[in-house]
Amino acid sequence: MRRKLVVGNWKMNGSLQDNEALLVAVADGIGAAAAAGKPACDVAVCAPFPYLAQVRDFQARRAAAALFDIGAQDVSQHENGAFTGDVSAAMLRDFGVRYAIVGHSERRQHQAESDVNVALKVKRALAAGITPIVCVGESLREREAGMTEFIVKRQLSAVIHLNGPCVSEIAVAYEPVWAIGTGQTAMPQQAQAVHAALRAQLGAAIDRADRVRILYGGSMNAANAAELLAQPDIDGGLIGGAALKAPDFLKIIAAAACPKAA
Ligand code: PEP
């Protein structure tokens, strides 16, 4: 049984002051649930690069904060050198980063990241001991054209091709582009069908595919999380907007820790 993973993607939001308040509220909530003996799941927050040190320092100050891991929102495909603005996997490790989002649709769209760029980033992350969370997902036009499986499999196959059996160490996030930040969520059965297809693709390519966690992302919130997380191949969530509101994020964590039958 895969332990569920809930990851907050803060995107380009936050400030020292706002982050502190959010971290305190999330750590308090997770700590209180643990003290009450409630079931747990894995949790991470992916902060913008300048705030990784703040999250790490917060962790050091607050024992309860050790109940979540630190994540980054990207990683360079290069090891080091003349790549102005890039942040290497080794640098992320220096700040205690355990997860890095890779190939988010916003980067594929605004930074023109290709499947090959994403596959290279996965390689760098894995080499540094960071778990890449590889985002795949189709646009609305692609879904309407019946191309969903073709698109997500193409995106994942580039990662498998370059990284081979190491792919058992990644996490995948299925994020339909039309659902991100729009309030439009995939129906649980729609998402489950894509997750099952991705799991089958992994199973055909590598041993131990069953250990890869496949998260759902796209307007997951406190109200719809339980039903999504009850699907057999949905192993957690990648959460944008709702991760910035501690009560909502904590409700999603609680739903993941104790998924109810759909
Ligand atoms: C995301 O940023 O990965 C995401 C899923 O955002 P939202 O939850 O806001 O749709």
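Trainee: Please set out the site of the ligand residue by residue, giving values where relevant.
Mentor: Near the ligand you find 14 residues, and of these Lys11, Glu175, Gly181, Ser219 and Gly240 are the closest. Burial of the ligand by the protein chains amounts to 95% of its free accessible area of 290 Å². Of the residues contributing to the shell around the ligand, the split by class is four nonpolar, eight polar and two charged.

Trainee: Which residues make up the sheet that holds strand S1 (residues 5–9), and what are the values?
Mentor: Spatial strand order, S1-S2-S3-S4-S5-S6-S7-S8: eight strands in a closed barrel with parallel pairing. Between one strand and the next, the sheet's axes are offset by a mean angle of 25°, whatever the strand orientation. Sheet topology note: the S1/strand S8 (residues 236–239) ladder contains four bridges and is parallel. Each residue of the ladder has a partner; that of Leu5, found in S8, is Gly236. Contacting strand S5 (131–136), strand S6 (171–174) and strand S7 (213–217), helix H8 (residues 188–205) runs over the sheet at an angle of about 150° to S7.

Trainee: Tell me about the packing of helix H1 (residues 16–35) against helix H2 (residues 52–61), and name the residues and values.
Mentor: Running from N to C, H1 and H2 point in directions that differ by 40°, and their axes come no closer than 11 Å. Classified by the angle their axes make, H1 and H2 are oblique. Handedness of the crossing formed by H1 with H2: right-handed. Residues Leu16, Asn19, Glu20, Leu23, Val24 and Ala27 of H1 pack against Gln54, Val55, Phe58 and Arg61 of H2. For the contact of H1 with H2, the residue count by class is six nonpolar, two polar and two charged.

Trainee: Tell me about the packing of helix H7 (residues 148–163) against H8, and please be specific about residues and values.
Mentor: To describe two helices that pack against each other, one gives the angle between their axes and the distance between the axes. Put simply, H7 and H8 touch, their axes get as near as 10 Å, and they point 35° apart. Viewed along their axes, H7 and H8 form a crossing whose handedness is right-handed. On H8, the residues that touch Thr148, Glu149, Val152, Lys153, Leu156, Ser157 and Ile160 of H7 are Val194, Ala197, Leu198, Gln201, Leu202 and Ala205. Residues that form the contact of H7 with H8 fall into these classes: eight nonpolar, three polar and two charged.

Trainee: Residue-level account of the nonpolar core, with values.
Mentor: Phe68, Ile170, Leu198, Leu202, Tyr216 and Phe249 are the most contacted members of the largest nonpolar core, which totals 68 residues. Counting residues per element, this core draws most heavily on helix H10 (residues 246–257), which supplies seven residues. Sequence-distant contacts of Tyr216, defined by excluding residues within four places in its chain, comprise Tyr174, Pro176, Ala179, Thr185, Ala186, Ala191, His195, Leu228, Ile234, Gly236, Gly237 and Leu238. Counting residues in each nonpolar core, the second largest holds twelve residues, with Val7, Cys46, Ile133 and Cys135 among its members.

Trainee: Tell me about the environment of Gly183, and name the residues and values.
Mentor: Checked against the element boundaries, Gly183 lands in the loop between S6 and H8. Residue Gly183 is classed as exposed on the basis of its relative accessible area, which comes to 62%. Remark: the alpha-carbon pair of Gly183 and Phe95, spanning 88 residues in sequence, is separated by 33 Å.

Each value, and the rule that gives it
Residues numbered from 1 in each chain as written. Predicted model: local features only at pLDDT ≥ 70, side-chain atom pairs only at ≥ 80, totals over all residues. Heavy atoms only, no water. Near = heavy atom within 4 Å. Areas by Shrake-Rupley, 256 points an atom, 1.4 Å probe, with all protein chains shown as cover. Nonpolar A, V, L, I, M, F, W, Y, C, P; charged D, E, K, R; others polar. Pairing = 2+ DSSP bridges. Helix = DSSP H or I, 4+ residues; strand = E, 2+ residues; numbered from the N terminus. Axes fitted to C-alpha atoms, helices over the stretch in contact; angles between N-to-C directions. Contact = heavy atoms within 4.5 Å. Parallel < 35°, antiparallel > 145°, perpendicular 65-115°, else oblique. Left-handed = near helix turned anticlockwise from the far one by under 90°. Core = buried A, V, L, I, M, F, W, Y, C linked by side-chain atoms within 4.5 Å. Buried < 20%, exposed > 50% of the residue type's maximum accessible area, 1.4 Å probe, protein only.

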